[in-house]
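# Tertiary structure, described
Chain by chain, the residues:
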Amino acid sequence: MNLGSIPLFSLALDKMAWLNKRQEVLAHNIANADTPNFQPQELDPLDTRAALSSVGARTTGQFTLMPVATDPAHIIGPSGGHSGEPRVEGEKKPYETTISGNQVVIEEQMVKVAETQANFEMATNLYKKYIDMMKLALGRGGA
């Protein structure tokens, strides 16, 4: 059975692959912290909305996942509406440049590494939970 064909597993695998690549990019940035004129690199964020749409298109022909307030007690998002669109912040400029022109800030890169590690652990735990859920559904799970 190919678990990658199941949408939940596919999304978790896509997220883990993106986090793995991001960790490589961050390690490259840290390794070049003393290289003259080196500009730190960053991956484009994983577009989960597009990933959800492509997974839905593969399985049902169409797929939309938008939160809808069906009750006045529902929490309204930060935009004040129910569009589901996040606020976009401007591009952050590096705040520290060495005399050699290097713009890698080790502390900033280490924070990103820790964040990536935590997200990878979360994705791995979700993947494990999905496996446990499938085992339970097949009658092979145990407590």
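Just so we're clear, the structure is a prediction, and the values are computed from it rather than from any experiment.

## Quick look at helix α1 (residues 7-31)
Helix length check: α1 (25 residues) gives 36 Å between terminal C-alpha atoms against 36 Å at 1.5 Å per residue, within 8%. When we look at burial in α1, the residues that qualify are F9, S10, A12, M16, W18, L19, R22, V25, L26 and N29.

## Focus: helix α3 (residues 106-137)
It helps to recall that an α-helix has 3.6 residues per turn; residues three or four apart then point in one direction. Helix length check: α3, at 32 residues, gives a terminal C-alpha distance of 46 Å against a target of 46 Å (1.5 Å per residue), a fit within 8%. Burial in α3 covers these residues: E108, Q109, V113, T116, A123 and Y130. Residues of α3 that are buried make contact with α1. Of the residues flanking the end of α3, it is G139, one or two places downstream, whose phi is positive at about 80°.

## Here's the deal with unusual backbone geometry
A negative phi angle characterises most non-glycine residues, just as the trans form characterises most peptide bonds. A positive phi angle is found at N37, which is not glycine, with a value near 60°. Within the element layout of this structure, N37 appears in the loop between α1 and α2 (48-60). Assessed through its relative accessible area of 56%, N37 is described here as exposed.

## Here we look at the packing of aromatic side chains
Under the defined criterion, the tally for this structure stands at two aromatic pairs. Relative to Y127, the ring of F9 has its centre 5.2 Å away and its plane inclined at 80°; by these criteria the two rings are edge-to-face. Taken together, the residues span a long stretch of sequence, with F9 in helix α1 and Y127 in helix α3 at a distance of 118 residues. When its relative accessible area of 1% is taken as the criterion, F9 is described as buried.

## So, the packing of α1 against α3
The contact between α1 and α3 brings their axes to 9 Å, and the two run at 160°. When the axis of α1 is compared with that of α3, the two are roughly antiparallel. You can see that α1 and α3 cross each other, and the crossing is left-handed. Among the residues forming the contact of α1 with α3, the class breakdown is 18 nonpolar, six polar and four charged.

How each quantity is defined
Residues numbered from 1 in each chain as written. Predicted model: local features only at pLDDT ≥ 70, side-chain atom pairs only at ≥ 80, totals over all residues. Heavy atoms only, no water. Helix = DSSP H or I, 4+ residues; strand = E, 2+ residues; numbered from the N terminus. Expected span 1.5 Å × (residues − 1). Buried < 20%, exposed > 50% of the residue type's maximum accessible area, 1.4 Å probe, protein only. Contact = heavy atoms within 4.5 Å. Phe/Tyr/Trp six-rings, centres within 6.5 Å; stacked < 30°, edge-to-face > 60°. Axes fitted to C-alpha atoms, helices over the stretch in contact; angles between N-to-C directions. Parallel < 35°, antiparallel > 145°, perpendicular 65-115°, else oblique. Left-handed = near helix turned anticlockwise from the far one by under 90°. Nonpolar A, V, L, I, M, F, W, Y, C, P; charged D, E, K, R; others polar.

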